[in-house]
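Tertiary structure, described
Here is how the chains run, residue by residue.
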Amino acid sequence: MPRLESSTQHSKKHCGGGGCKSKSSNNMNFSSPSAVALLAMIVVVCQQQSSGGTVSAFVAVPVHVHQKQHQQQPHYNIITNTRDWQTNTVSMLSAVDVSSQVALEKQESKNTDQNQSNNDPGIKAFEKEPQIPSLGAIAKLLPKSAFDIDTKTSLFYFGIDLVAVVSSLSFLNAVVHSDFYQALAPSWPLQALMVAPLQVLCGFAMWCMWCIGHDAGHGTVSKENWINQVVGEVAHSMVCLTPFQPWQRSHLRHHLNHNHLDRDYSHQWFVREEKDDLHPMFQLACQTRNLQLPFLYLVYLLVGVPDGGHVVLYGKLWENAPLKDVLRGALSAAISVATAGTLWYNMGTQDFAVVCFAPWLVTSFWLFMVTYLQHHSDDGKLYTDDTWDFTKAAFETVDRNYGKWVNRMSHHMMDGHVVHHLFFTKVPHYRLEEATVALKAGLEAQGLSNLYKYEETPDFSQEIVRQFDKNWFFIDEAQVVRK
């Protein structure tokens, strides 16, 4: 989650011109977690079958209602769908479906007509913004292959990352129990230095696996819901100790409200000019922000700030949630707790901390860093109820280049995020690269290359430290588009 340079410098980088622990048994035992995974798979599949092969999902669809004399705040239609995961349940917005974009396109047309006919100087800033193509028009810029979700390809990447995680953690565990490592016991700093590179490697492998679980949460691993569910539980709930369904629930709301000043999830935005009015707890958090950076994702999951709990299910994320959704979320949380508890029990506190928790902190750092830098830029805008639009806000996302191989191993999470926010239930990670190339070319051909944000970020680990220290979660009032 770095700021771009100045607006002038950044415009040259636009295309065309440029927001994740010592017992007697000292050997890592993967059989117990595997048993937990098997149990998770059986429960999810049985849940599928018991409901006739369908899963209901709570979906909040933002709908902006405009009137001639009065602007209402957006209300939320509650959709409980029990059919296809890809086009209904996980689509999270039936209007975002590439093949069915009537709702968004009608809304965009309504917004355009209203803006062109309204001469009220009170919306002068809003009218200055460039005209944004409809989501349907943008979809036509991409090749049809970009929307091809292939289960075999998805599971291939899932298998590769699973092997990478298991093998790297196993090697780290073997090193921790080697005679050489044990001989360094009187000097724990030397032990720490010896395993630190391996912990970073394991953490990165887990981050790559997290990205696969991210696809599962969007329904882009497979068109079969149960496959997405199983992959998500293994990749997130087990490997990354991130309860899959609670994360999926909060992440959905992030995509439905991206770059909304008040309604966005995953990040809590604060207007810099109002920092003196913040609650004392938030002011303290701001003052100690640099100490919190490695642990923010842990706080996000356990404490539930700002979205609500992901392990203990409480807060705004679970307000008015149907019982079946709460039970489904509790299942994911139980899988994560059972996995962590099983490893901790079998390995002991010290080995668990060195082999599991330290790499997990690396993963959480990657997750926070990537997410933060994707949604923060010097010329980025936030919107309010009166000015927010799905497509327009999606173009405030920033694509960042971390380096060719880092991008590829991270499944283009960083350099394909604009397309992901535009079509978050339609384009799997292995199609993001070609889709992004096509998007940039299409926008340039229409003279709209300025819409696409891109930043070279090879020094990503330093950039997140600099930008988080400089900006925390603040945004300038001048960057908030109000009516």
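Before reading further, recall that the structure is shown in the block above.
Residues numbered from 1 in each chain as written. Predicted model: local features only at pLDDT ≥ 70, side-chain atom pairs only at ≥ 80, totals over all residues. Heavy atoms only, no water.

This paragraph deals with the packing of helix α16 (residues 349-374) against helix α21 (residues 460-471). Their axes nearest at 10 Å, the elements α16 and α21 cross at an angle of 65°. It follows from the interaxial angle that α16 and α21 lie roughly perpendicular. In this structure, the crossing between α16 and α21 has a hand that is left-handed. For the pair formed by α16 and α21, the contact residues are Phe365, Trp366, Phe368, Met369, Tyr372 and Leu373 on the first element and Phe460, Ser461, Ile464, Gln467, Phe468 and Asn471 on the second. Classifying every residue of the contact of α16 with α21 by side-chain character gives nine nonpolar, three polar and no charged. (Axes fitted to C-alpha atoms, helices over the stretch in contact; angles between N-to-C directions. Helix = DSSP H or I, 4+ residues; strand = E, 2+ residues; numbered from the N terminus. Parallel < 35°, antiparallel > 145°, perpendicular 65-115°, else oblique. Left-handed = near helix turned anticlockwise from the far one by under 90°. Contact = heavy atoms within 4.5 Å. Nonpolar A, V, L, I, M, F, W, Y, C, P; charged D, E, K, R; others polar.)

Let's shift gears to unusual backbone geometry. Negative phi values dominate among residues other than glycine, just as trans dominates among peptide bonds. Residue Val305 is joined to Pro306 through a cis peptide bond whose omega torsion reads 5°. Locating Pro306 in the fold gives a position in the loop between α14 (296-302) and α15 (323-347). Backbone geometry places His412, a non-glycine residue, at a positive phi of 55°. Topologically, His412 is positioned in the loop between α18 (404-409) and α19 (417-422). Backbone geometry at Trp472 places phi at a positive 50°, although glycine is not the residue there. Structurally, Trp472 can be placed in the loop between α21 and β7 (474-475).

What follows is about empty space enclosed by the protein. Roughly 70 Å³ of volume is contained in the second largest cavity. What lines the second largest cavity is Cys211, His214, Asp215, His411, His412, Met413, Gly416, His417, His420, His429 and Leu432. Among the elements of the structure, α9 (188-217) and α19 are those that each provide at least two residues to the lining of the second largest cavity. In terms of residue count, α9 provides more of the lining of the second largest cavity than any other element does, three residues in total. The class makeup of the residues in the lining of the second largest cavity is three nonpolar, seven polar and one charged. (1 Å grid on protein atoms, 1.4 Å probe; cavity = no way out; pocket = protein on both sides within 12 Å on 5 of 7 lines; lining within 4 Å. Points joined across faces, edges and corners; volume = space filled by probe spheres on them.)

Here helix α10 (residues 225-239) contains 15 residues, and its C-alpha end-to-end distance of 20 Å stays within 8% of the 21 Å for a straight helix at 1.5 Å per residue. In α10, a bend of some 25° at Glu233 exceeds every other bend along the element. For α10, the buried fraction is high: 14 of the 15 residues fall into the buried class. Downstream of α10 by one or two residues, Leu241 has phi in the positive range, about 50°. (Expected span 1.5 Å × (residues − 1). Bend = angle between axes of the 7 residues up to and from the residue. Buried < 20%, exposed > 50% of the residue type's maximum accessible area, 1.4 Å probe, protein only.)

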